[in-house]
Amino acid sequence: MLPEVEAWLRGRTSSSADWALPELLAAKGGTTVSVVLPARDEEETVGEIVAAIRRDLMGAVPLVDELVVIDSRSVDDTAARAARAGATVIAQDEVLPDLKPLDGKGEALWKSLAATSGDLLVFVDADLREFRTSFVTGLLGPLLADPAVVYVKGCYDRPLQNVQSGGGRVTELVARPLLNLHWPRLAGFVQPLAGEYAGRRSVLESVPFVTGYGVELALLIDLLDLAGLDALAQVDLGRRVHSHQSTEALGGMAAQILQTSWSRLERQNLMVSLHRPSPRLAQFRRGADGHQVSVRDVAVAERPPMVTIPAYRADRPVR
């Protein structure tokens, strides 16, 4: 590991327990905070997450000023349960409706910039079980304490069955090797694909958003390029419990992460590309007549920096 990264680990890694709510409220001042939950078919968990944030962090003296669920075309009761629990629910495709709609988690995150107003944004996945509001306070801590910090990633243990740290298979098999190979200054991030992170609006609106599963990797790479390593931080949130996807589904995620890394290597002139990567992924399942092939599109679409969108600029107050 680079000496620069070792120093960063010591100076920019903290624990959620380090950030007490009274101290955060004192540091907040006039800063406004939006919490965003991107959600697709998460009726079992989204209501409890919303209710906990409203109960603990949106009282008479609120730390969180705005709580928004971006509903990404759910076909279950996600939107209704989130609304009953007290969130503002906004359909993904109703934000910037003049733009052609795209698919993927990153699209919901990008649209949330236009659907919220906070100076700081905190993103929390909607499928978390055993959710604790220290996820939110921990991510806000470094941003409220130090104006030089622009982006904070969560890290945690991810249990899988009986193995405490058995989750994060795409992280360990794809994302971490890629970062160590090509962006070694990001090698200190424990959970580079974590879905819990926070950032300053002024920075998040200045970088593109990959619309699919490569969004977390792309944000890390792009924000390193924009702001430098010392402007990034990570906070240990303890333990993260959520539903796990099949190996087949993880293969699609891995393919999108590889596509995303390819685009960043090209953009940063870190490689000479002699061909275009195939956007198709073939996977196999055994059927009655042997192995059956399934081919799907894993191409990665991308939204430009939000600040370049005329409709967004027209709706923002003059700074």
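What counts, and where the lines are drawn
Residues numbered from 1 in each chain as written. Predicted model: local features only at pLDDT ≥ 70, side-chain atom pairs only at ≥ 80, totals over all residues. Heavy atoms only, no water. Helix = DSSP H or I, 4+ residues; strand = E, 2+ residues; numbered from the N terminus. Buried < 20%, exposed > 50% of the residue type's maximum accessible area, 1.4 Å probe, protein only. Pairing = 2+ DSSP bridges. Axes fitted to C-alpha atoms, helices over the stretch in contact; angles between N-to-C directions. Contact = heavy atoms within 4.5 Å. Salt bridge = Lys/Arg side-chain N within 4 Å of Asp/Glu carboxyl O. Polar contact = N/O pair within 3.5 Å; in protein donor to acceptor, adjacent residues only side chain to side chain. Core = buried A, V, L, I, M, F, W, Y, C linked by side-chain atoms within 4.5 Å. 1 Å grid on protein atoms, 1.4 Å probe; cavity = no way out; pocket = protein on both sides within 12 Å on 5 of 7 lines; lining within 4 Å. Points joined across faces, edges and corners; volume = space filled by probe spheres on them. Nonpolar A, V, L, I, M, F, W, Y, C, P; charged D, E, K, R; others polar. Right-handed = clockwise from strand over helix to strand, strands pointing away. Phe/Tyr/Trp six-rings, centres within 6.5 Å; stacked < 30°, edge-to-face > 60°. Expected span 1.5 Å × (residues − 1).

Some points on unusual backbone geometry
No. 1: Phi is positive for glutamate 130, close to 60°, though the residue is something other than glycine.
No. 2: In this fold, glutamate 130 is placed in the loop between strand 6 (128-129) and helix 6 (134-145).
No. 3: For glutamate 130, a relative accessible area of 48% gives the class partly exposed.
No. 4: A positive phi angle, close to 55°, is found at asparagine 269, a residue other than glycine.
No. 5: With respect to the secondary-structure elements, asparagine 269 resides in the loop between helix 10 (247-267) and strand 12 (280-287).
No. 6: The exposed category is assigned to asparagine 269, whose relative accessible area is 68%.

Observations regarding the sheet that holds strand 2 (residues 33-39)
No. 1: Spatially, the eight strands line up as an open sheet ordered 1-10-7-8-5-2-3-4, and their pairing is mixed. Each edge of the open sheet carries a strand with a single partner, namely strand 1 (13-15) and strand 4 (88-91). On average, adjacent strands in this sheet sit at an angle of 25° to one another, irrespective of strand direction.
No. 2: Pairing of strand 7 (residues 151-157) with strand 10 (residues 232-239), which is carried by six bridges, proceeds in the parallel orientation. Residue pairing across strands places lysine 153 opposite glutamine 234, the latter belonging to strand 10.

Here's the deal with the side chain of lysine 28
No. 1: Looking at where lysine 28 falls in the secondary structure, it is placed in helix 2 (residues 21-28).
No. 2: Contacts of lysine 28, omitting those with residues within four sequence positions, involve Val33, Pro62, Leu63, Asp65 and Leu144.

Some remarks on the pattern of salt bridges
No. 1: Tallied over the full model, the rule gives 23 salt bridges.
No. 2: The shortest N-O distance in the salt bridge between glutamate 302 and arginine 267 comes to 3.0 Å. Of this pair, glutamate 302 sits in strand 14 (residues 302-303) while arginine 267 sits in helix 10, and the two are 35 residues apart along the sequence.
No. 3: Overall, the relative accessible area of 29% leaves glutamate 302 in the partly exposed class.
No. 4: For arginine 267, a relative accessible area of 46% gives the class partly exposed.
No. 5: Salt bridges sharing common partners tie together Lys105, Asp125, Glu196, Glu216 and Arg240.

Quick word on the side chain of arginine 12
No. 1: Mapped onto the secondary structure, arginine 12 falls in helix 1 (residues 3-12).
No. 2: Judged by its relative accessible area of 14%, arginine 12 falls in the buried class.
No. 3: In terms of polar contacts, arginine 12 uses its side chain to reach the backbone carbonyl oxygen of aspartate 230, at 2.9 Å.

Section: the nonpolar core
No. 1: One finds Tyr151, Leu186, Phe209, Leu219, Leu232 and Met306 to be the most contacted residues of the largest nonpolar core, which totals 50 residues.
No. 2: The greatest single-element share of this core, amounting to seven residues, is contributed by helix 9 (residues 215-227).
No. 3: If we skip the residues at most four places from it in the chain, leucine 219 touches Tyr151, Tyr197, Val207, Pro208 and Phe209.
No. 4: Core analysis: the next-biggest nonpolar cluster, separate from the first, contains 39 residues, Trp19, Val122, Leu144 and Ala194 among them.

A word on the layout of surface pockets
No. 1: Looking at the largest pocket, its volume works out to about 1,200 Å³.
No. 2: Forming the walls of the largest pocket are 44 residues, and the residues nearest its centre are Lys105, Gly212, Tyr213, Gln245 and Met253.
No. 3: Those elements giving two or more residues to the lining of the largest pocket turn out to be strand 2, helix 5 (105-115), helix 7 (169-182), helix 10 and strand 13 (290-297).
No. 4: Top contributing element to the lining of the largest pocket by residue count: helix 10, with six residues.
No. 5: Of the residues contributing to the lining of the largest pocket, the split by class is 19 nonpolar, 13 polar and twelve charged.

So, the pairing of strand 4
No. 1: Pairing geometry for strand 3 (residues 66-71) and strand 4, over four bridges, is parallel. Directly across from isoleucine 70, in strand 4, lies its bridge partner isoleucine 90.
No. 2: Once the chain exits strand 3 it traverses helix 4 (residues 78-85) before rejoining the sheet at strand 4, and the crossover so formed is right-handed.

Overview of the packing of aromatic side chains
Each aromatic ring pair is described using two quantities: the centre-to-centre distance and the angle formed by the ring planes.
No. 1: All chains considered together, the criterion is met by five aromatic pairs.
No. 2: Relative to tyrosine 156, the ring of phenylalanine 135 lies with its centre 6.4 Å away and its plane at 15°, an arrangement referred to as stacked. Pair noted here: phenylalanine 135 is in helix 6 and tyrosine 156 is in strand 7, with a separation of 21 residues, a long-range link.
No. 3: Taking relative accessible area as the criterion, phenylalanine 135 reaches 2% and is therefore assigned buried.
No. 4: The rings of Phe123, Tyr151 and Tyr197 are connected pair by pair, giving a single aromatic cluster.

What to know about helix 9
No. 1: With 13 residues, helix 9 should cover 18 Å at 1.5 Å per step; its first-to-last C-alpha distance of 17 Å lies within 8% of that length.
No. 2: Among the 13 residues that make up helix 9, ten are buried, leaving the element largely enclosed by the rest of the structure.
No. 3: Here helix 9 has its buried residues at Val215, Glu216, Leu217, Ala218, Leu219, Leu220, Ile221, Asp222, Leu223 and Leu224.
No. 4: Note on helix 9: the residue one or two positions beyond its end, glycine 228, has a positive phi of about 90°.

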